[in-house]
Amino acid sequence: FDIKLQGRTVCETFDVARSANGTDRAVIREFPDIAVEDKLLLELVPETETSGEGEAPLISFVEVVRSRP
């Protein structure tokens, strides 16, 4: 799936299991310099429009850290 933040694609064709080198392992991705005025919009966009519920993108945890210049 693709990862979009604030409407901007920040990671294309992300494969969690491949990135973690297996299942039940953590994956950490940082996306600095994302401007958020009011609400953070995070979208997980599946590769195909017709994916079933078992194929839908899934994440278990997101940490958001506010940084100030």
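Attention here is on the structure that accompanies the text. Predicted model only: the values in this text are computed from it and were never measured. (Residues numbered from 1 in each chain as written. Predicted model: local features only at pLDDT ≥ 70, side-chain atom pairs only at ≥ 80, totals over all residues. Heavy atoms only, no water.)

In terms of helices and strands, the chain carries one helix and three strands. Counting from the amino terminus, helix and strand elements in the chain follow one another as β-β-α-β. With 69 residues in all, the chain has 9% of them scored as buried. Restricting the contact set of the chain to residue pairs at least 6 apart, pairs at least 24 apart contribute 53%. Roughly 6,300 Å² of accessible area belongs to the chain as shown, and the carbon and sulfur atoms make up 46% of that amount. (Helix = DSSP H or I, 4+ residues; strand = E, 2+ residues; numbered from the N terminus. Buried < 20%, exposed > 50% of the residue type's maximum accessible area, 1.4 Å probe, protein only. Contact = heavy atoms within 4.5 Å. Areas by Shrake-Rupley, 256 points an atom, 1.4 Å probe, with all protein chains shown as cover.)

Our focus in this paragraph is the pairing of strand β2 (residues 8–11). The two faces of a sheet get side chains in turn, since along a regular strand they alternate between them. Sheet analysis places strand β1 (residues 2–5) next to β2, joined by three bridges and oriented antiparallel. Bridge pairing in β2 places I3 opposite C11. Between β1 and β2, which follow one another and run antiparallel, lie two residues, and Q6 among them has a positive phi close to 55 degrees. (Pairing = 2+ DSSP bridges.)

Further remarks concern unusual backbone geometry. Phi at N21 takes a positive value of approximately 60 degrees, unusual for a residue other than glycine. Following the sequence through the fold, N21 ends up in the loop between α1 (16–20) and β3 (42–45). The phi torsion at D33 lies on the positive side, around 60 degrees, for a residue other than glycine. In this fold, D33 is placed in the loop between α1 and β3.

Strand order in the open sheet formed by three strands is β2-β1-β3, and the pairing between neighbours is antiparallel. Looking at strand neighbours, the two that pair on one side only are β2 and β3, the edges of this open sheet. Each adjacent strand pair in this sheet contributes to an overall mean axis angle of 35 degrees, direction not counted. (Axes fitted to C-alpha atoms, helices over the stretch in contact; angles between N-to-C directions.)

Another point: the environment of L40. Mapping L40 onto the fold places it in the loop between α1 and β3. Along the primary structure L40 and G7 are separated by 33 residues, whereas in three dimensions their C-alpha atoms are 9.8 Å apart. Leave out the neighbours within four places in its chain, and L40 touches L5, Q6 and V64.

Once that is clear, we can look at a nonpolar patch on the surface. Judged by side-chain polarity, V36, L40, L42, I59, V62 and V64 come together as a nonpolar surface patch covering roughly 470 Å² of accessible area. With respect to the element layout, I59 can be found in the segment after β3. (Patch = residues over 30% accessible without salt bridge, like charges linked within 9 Å, V, L, I, M, F, W, Y side chains within 5 Å. Salt bridge = Lys/Arg side-chain N within 4 Å of Asp/Glu carboxyl O.)

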